[in-house]
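Spelled out, the chains give:
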Amino acid sequence: MPGYAAPVDDIQFILHGLLDVSRQDIPGYGELEPDLTAAVLTEAGRIAAEVLAPLNAAGDREGCRLEGGAVRTPAGFRAAFDEVKAGGWTALDCDPDYGGQGMPGLIGSAVSGIFSAANQSFTMYQGLTHGAYSAIHAHGSAEQKARFLPRLISCDWTGTMNLTEAQCGTDLGLMRCKAVPQPDGSYRITGEKIFISAGDHDLAENIIHLVLARIAGAPEGIGGISLFIVPKFLVGEEGTLGARNGVSVGKIERKMGIHGNATCLMRYEGAQGWLLGLEHKGMRAMFTMMNEARLGVAMQGLAQAEAACQAAVAYARERLQGRAATGPANPQGPADPLIVHPDIRRSLMDQRSFIEGARAFALWSAMLLDRAQRAGDGDAEGLISLLIPVLKGFLTDKGLEMTVQAQQVFGGHGYIEETGMSQFLRDARITQIYEGANGVQALDLVARKLPSDGGRHMAAFLGQVSAFIADNGGDAALAQDFLAPLGRALADLQAAVRYFMERGAAEPETVLAGSTDFLHLFGHTCLGFMWARMAKVAQTAETGFREAKLATGRYYMARQLPATALHLARIRSGAGPVMALPAEAF
């Protein structure tokens, strides 16, 4: 089975070269000196390689099982979970007032990416808990925070998100789960939720479900939905566990991937719950979790591509097949290694150039989220809100594509289970679907985020890229290989924005038909921007690192970034080709 090594040097380059984190005016960033972040990332890499990665394939094979109404996780998961907890990893970027370590979310995102690459199913348990922590921290009462946050931070208790029902996924306005007020101020929650990741397990003493439901008499649609805290076991005033609540597992879903994480049908039968935030404002509270969750899923898509690429590189170096076109590279052996062949190199460079650019994009975005949350920067909040659907959609679409390319390097050996490539592919696939399917991300981008605040945030992004090109135009080393292709991509993005602005009101189907292409055009431009910025920094790095970084960046700019022109052409074709075939003709 393939091993995994955390890309600590590359993350350090992004943190201290590209982002210059310790000099940012964001609270907590001044402490992020290279020695500190290197120590955190190196130890996270050790945990990932020695504890989590060895359980990845075994957890995939064994899966979770439902026994007597309780879910059992794969062998070794409980011991590994206890080790992760004992190391303080679940508390890394949480509030010190409730037992957290108080580090910026940027570091939490970097560590989450490392852990997800080693074992995505396992890492979901604490990832979902962090989302529940964030929602209660942002919207809970003082009593709710004191009761729940310390144990969520320690992962003595874990958390879930309960949105989806059988008749409603994206369209949450169709929700039927109901909440009936009680004289003591609590509510009785009744209904079924499906596709609930980590809905039940044996890793923690209690599970704190955050459940969307409609209070009796509430308005129809999403404006009538509220969010509730519904514990698996009722919690006393001192945090002691009481009776089992009226929540149970109906079944575990049999699914394509992430077998080590229990995806459950949850039944609420008069379960006692407590309102989180305001009545009928559940979606606002839930979106506190959703933006964080979507950044996390973007990291998952990137992480699976990273793990698969590492395996593909190792195989390409070892597997002997054919001879190099320019003469034997391994004259003493029966054949040359795969890595000498141009098409294999093309595939590996596709993967590497995406992974390194995407990592920079994700960590830059995590810094924007910190700036919005820690510094109260409204401009950063607007920009990250614009970028979230691009992050989630583009990094998971391309992450799956790169995972497929890594599998292809193995040929037939990539299709059999023993090499582990199948699992990377199966685990990556869900990232395009959960936390908002990518088609919905594209619709959200063009219908809501693009015109938000009169298009101010889109204009701000375009302005950043334009300013970078202008400010560095005199750098001959950057101009031809990086600034020129970035300028062409920027022009394509600007043209797509103008096209939508001119037709949006009168031709809504035209905008929606081009939404996925716009998301990908935007995503490529973001990675091009990251590569141009990294190239500027890399010019002063150590020789070996510099040459590898610049060569990889040039590859992306020459071979991947021109895709923006294709996406623009598709956008300009309008809705006609998309909608021409009548529904009954399908």
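In this report, we go over the structure that sits alongside the text. Everything numeric in this text was worked out from a predicted model, so none of it was measured. Once a new chain begins, its residue numbering starts again from 1 and follows that chain's sequence as written. Whole-chain, interface and lining totals are the exception, using all residues; otherwise, since this is a predicted model, local features are given only for residues with pLDDT of at least 70 and side-chain atom pairs are given and counted only at 80 or more. The side-chain figures draw on all heavy atoms in the structure; neither hydrogens nor water molecules are used.

Strands are runs of DSSP state E lasting at least 2 residues, helices are runs of H or I lasting at least 4, and numbering of each runs from the N terminus. Along the protein, the regular secondary structure elements total 18 helices and 11 strands. The atom set for the radius of gyration is the C-alpha atoms, and the globule formula is 2.2 Å times the number of residues raised to the power 0.38. Relative to the compact-globule value of 25 Å for 586 residues, the protein shows a C-alpha radius of gyration of 24 Å, a close match. Projected onto the principal axes, the alpha-carbon positions of the protein cover approximately 80 × 60 × 60 Å. Each residue gets one of three labels from its accessible area relative to the maximum for its type: buried under 20%, exposed over 50%, partly exposed in between, using a 1.4 Å probe on protein chains only. Within the protein, the proportion of its 586 residues that are buried is 57%. It only takes one pair of heavy atoms within 4.5 Å for two residues to be counted as in contact. Taking the intrachain contacts of the protein between residues at least 6 apart in sequence as the baseline, contacts between residues at least 24 apart amount to 74%.

Looking now at the nonpolar core. Here is a general trend for soluble globular proteins: nonpolar side chains tend to be buried in one another's company. Core analysis: the largest hydrophobic core is formed by 183 residues, its most contacted members being Ile189, Phe361, Trp364, Phe461, Phe518 and Phe522. The element that contributes the greatest number of residues to this core is helix H7 (residues 282–318), accounting for 19 residues. Those residues in contact with Phe518, other than ones at most four positions away along the chain, are Leu445, Val446, Leu450, Leu493, Ala496, Val497, Phe500 and Ile571. As used in this record, nonpolar core signifies buried Ala, Val, Leu, Ile, Met, Phe, Trp, Tyr and Cys residues forming a set joined through side-chain atoms within 4.5 Å.

Before going further, it helps to spend a moment on the packing of aromatic side chains. Between the rings of Phe, Tyr and Trp (Trp by its six-membered ring), a pair exists once the centres lie within 6.5 Å; its type follows the angle of the planes, with under 30 degrees stacked, over 60 edge-to-face, and the other angles tilted. Applying the stated criterion across every chain, the model contains 15 aromatic pairs. Relative to Phe522, the ring of Phe518 has its centre 6.0 Å away and its plane inclined at 65°; by these criteria the two rings are edge-to-face. Linking Phe518 with Phe522, this pair stays in helix H15 (residues 515–538), spanning 4 residues, or about one helical turn. Across the pair, Phe522 and Phe518 agree in class, each one buried. An aromatic cluster of three or more residues is present, and its members are Phe361, Trp364, Phe461, Phe468, Tyr499, Phe500, Phe518, Phe522 and Phe529. Charges are assigned to positions over rings by a cutoff of 6 Å between ring centre and Lys NZ or Arg CZ, combined with an angular limit of 35 degrees from the ring normal. When the ring centre of Phe529 is taken as reference, the NZ or CZ atom of Arg533 above it lies at 5.3 Å.

Take unusual backbone geometry next. Positioned with a positive phi, Phe195 is a non-glycine residue whose angle comes to about 60°. On the secondary structure map, Phe195 appears in strand S5 (residues 187–197). What makes Phe195 exposed here is its relative accessible area of 52%. Phi is positive for Glu435, close to 60°, though the residue is something other than glycine. On the secondary structure map, Glu435 appears in the loop between helix H10 (421–429) and helix H11 (438–449). You can call Glu435 buried: its relative accessible area is 18%.

What follows deals with the pairing of strand S7 (residues 225–231). Here S7 lies mainly inside the structure; 7 of its 7 residues are buried. Burial along S7 is two-sided: the residues Ile225, Leu227, Ile229 and Pro231 and Ser226, Phe228 and Val230 are all buried. Think of it this way: DSSP has to see at least two bridges between two strands before they count as a pair. As paired strands, strand S6 (residues 206–215) and S7 are joined by 7 bridges and run antiparallel to one another. Across the sheet, residue Ile208 finds its bridge partner in S7, namely Pro231.

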